[in-house]
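# Fold and geometry: a report
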Amino acid sequence: MTIKNICCIGAGYVGGPTMAVIAQKNPHIKVTIVDINAARIAAWNDADLTKLPVYEPGLAAIVGATRGKNLFFSTDIDQAIDAADMIFISVNTPTKTYGKGKGQAADLKYIELCARNIAKVATTDKIVVEKSTLPVRTAEAIKSILHNTGNGINFHILSNPEFLAEGTAVDDLLQPDRVLIGGENEAAINSLATVYASWVPQARILKTNLWSSELSKLTANAFLAQRVSSINAISELCELTGANVDEVAKAIGTDSRIGPKFLKASVGFGGSCFQKDILNLVYIARSYNLHEVANYWEQVIIMNDHQKRRFADRLIKTLYNTVSGKKIAVLGWAFKKDTNDTRESAAIYVTDHLLNEQAHIAVHDPKVPAEKVYTDLNYLNTRTEAENQNNVAVYTNAYDAVKDAHAIAIMTEWDAFKTLDWEAVYSTMQKPAFIFDGRNILDKHTMEAIGFEYHAIGQ
Ligand code: NAD
Ligand code: UDX
């Protein structure tokens, strides 16, 4: 089937960038992204491209070039579903917060709602593409819902997980290592492959069965996160032995069998995917009674939680065992640089721990607004909203955040932090002036020459 009209349900960090690139590379296809969140759709339609709801380098230019031509953002979900030949489901699949599997299993209620909606409004044959990250065998449930509509429409289900990383989404989409398509119907698989073939070399378009494709996504994220937890585990040993974790990472990463990527020790990984997807993998393994498998992967999360806690504890211990009443500047709130996304950011948990110790927190992030910082802290429910408001200040300028601070905690590796005027920063801080570099972005010798007491991860 030649695809002329695509609908994507879910205008988030995946749906927005992915569809913008598909539209840019396929000017002959009309792409409509729909969402139940009217404010988000309005932001995607904002004439001011700096107000798009997702910040990604290069994205605004692509949206600017395609929006209103063959890329559309709408809240009219039913109309877009019915008009489409191919429907991507790109809605959120968060960890369940209630009932069976609470805290581990993926919450599939939004996926099921999409499937039911498609079943209800479709009047022509559709290819339905799972773009969201899903537990293995979810396609079975979607198929069952779609095939029981009784209106004689043919649905083909494909799995096409997304491997983009935030902060580099546009580059990742333009030059993917691979595109993965899982399915049962060859014609449907080829229809989707043709959409990608507009810019992705054929050799990079992998075709598998449905279940391999679904499971590959969880597995890829588990392997990547495992590398970060592995190097973070070594960082703790480095701190006690005089080894330097960045030197160790370089030494092992030059082994071509290991490779250099995802070996950067840090305050702990964040983001909406790693923790959620590993917890889901653990849940699936347990549901098949594979307890050793589940325990093995769960350790990646346990190590990550330990790393975040250990960072906060080290800061408190170094500040003479108390941060009560002291101003601590938190530089960076996003879970990594070049994104405005804060989901599961280590900054949230480190700040929460410091607030428990009665610290006064001053936050600065180049892309995260104050409301988001408060929402993230309030969501934890550790203390009242008023207490968070009173003990956390958010600054649009890094120099205001660090003024009179006892310590700086670097939580995100924003390039702008590397080039701050650190001598000026030092002069305005309380002495001794401490830096806890959770991303190892600054040079220890330079910082010590200025006068700082500098503490990095794994050094
Ligand atoms: P998101 O929360 O940014 O966006 C999801 C959007 O779906 C929201 O705007 C929400 O309003 C909308 N939505 C939910 N239910 C809906 C419904 N029934 N009808 C219409 N709209 C609905 O999420 P995201 O980060 O884009 O992630 C989406 C999926 O992609 C998840 O399964 C995630 O695991 C996966 N994924 C995410 C990333 C990433 O980097 N964020 C990368 C790869 C895969
Ligand atoms: C991840 C996967 O990389 C991507 O393929 C998938 O589609 C979605 O999940 P994302 O979470 O956006 O992408 O960013 P990623 O670059 O993987 O970083 C995740 C977290 O790990 C961040 O907090 C990052 O700072 C941290 N990290 C990453 C490290 O601490 N050290 C590293 O070496 C790499």
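Source: prediction; values computed, not measured.

### Considering the site of ligand 2
- Neighbouring ligand 2 are 19 residues, the closest being Lys264, Ser266, Phe269, Gly271 and Cys273.
- In terms of residue count, the dominant contributor to the shell around ligand 2 is helix 9 (residues 210-241) (3 residues).
- Taken together, domain 1 (5-208) and domain 2 (210-459) each give at least three residues to the shell around ligand 2, which thus spans both.

### Remarks on helix 9
- Here helix 9 is 32 residues long and its end C-alpha atoms lie 47 Å apart, about the 46 Å a rise of 1.5 Å per residue gives.
- Gly242, located one to two residues past helix 9, shows a positive phi value of around 90°.

### Remarks on the domain arrangement of the protein chain
- Each assigned domain of the protein chain is listed here: domain 1 (5-208) and domain 2 (210-459).
- Distance from the C-alpha centre of domain 1 to the C-alpha centre of domain 2: 31 Å.
- In this assembly, 28 residues from domain 1 lie in contact with 26 residues from domain 2.
- Elements represented by at least two residues in the side of domain 1 that touches domain 2 include exactly helix 6 (138-147) and strand 7 (179-183).
- With 4 residues, strand 7 is the largest single contributor of residues to the side of domain 1 that touches domain 2.
- Residue composition of the side of domain 1 that touches domain 2, by class: 14 nonpolar, 10 polar and 4 charged.

### Notes on the site of ligand 1
- Inspection of the region around ligand 1 gives 27 residues, with Gly10, Gly12, Val14, Ser132 and Thr133 positioned closest.
- Counting residues per element, the shell around ligand 1 draws most heavily on helix 5 (residues 109-121), at 3 residues.
- A per-class count over the shell around ligand 1 returns 13 nonpolar, 10 polar and 4 charged.

### Details of the pairing of strand 12 (residues 407-410)
- Burial along strand 12 is two-sided: the residues Ala407 and Ala409 and Ile408 and Ile410 are all buried.
- The pairing of strand 9 (residues 327-331) with strand 12 spans 4 bridges and is parallel. Paired with Val330 across the strands is Ala409, a residue of strand 12.

### Re the sheet that holds strand 10 (residues 360-364)
- Across the sheet, which stays open at both edges, the 6 strands sit in the order 11-10-9-12-13-14 with parallel pairing between neighbours. At either margin of the open sheet sits one strand with a lone partner, and together these are strand 11 (392-395) and strand 14 (453-456). For this sheet, the mean angle separating the axes of adjacent strands, direction not counted, is 20°.
- As paired strands, strand 12 and strand 13 (residues 434-437) are joined by 4 bridges and run parallel to one another. Pairing of Ala409 across the sheet is with Phe436, part of strand 13.
- Helix 12 (residues 291-318) rests against strand 12, strand 13 and strand 14 of the sheet, and its axis sits at about 165° to strand 13.

Here is what the cut-offs are and how they apply
- Residues numbered from 1 in each chain as written.
- Chains lettered and ligands numbered in written order.
- Predicted model: local features only at pLDDT ≥ 70, side-chain atom pairs only at ≥ 80, totals over all residues.
- Near = placed C-beta within 6 Å.
- Helix = DSSP H or I, 4+ residues; strand = E, 2+ residues; numbered from the N terminus.
- Domains from an automatic or database assignment.
- Expected span 1.5 Å × (residues − 1).
- Contact = placed C-beta atoms within 7 Å.
- Nonpolar A, V, L, I, M, F, W, Y, C, P; charged D, E, K, R; others polar.
- Buried ≥ 20, exposed ≤ 12 C-beta atoms within 10 Å, placed from the backbone.
- Pairing = 2+ DSSP bridges.
- Axes fitted to C-alpha atoms, helices over the stretch in contact; angles between N-to-C directions.

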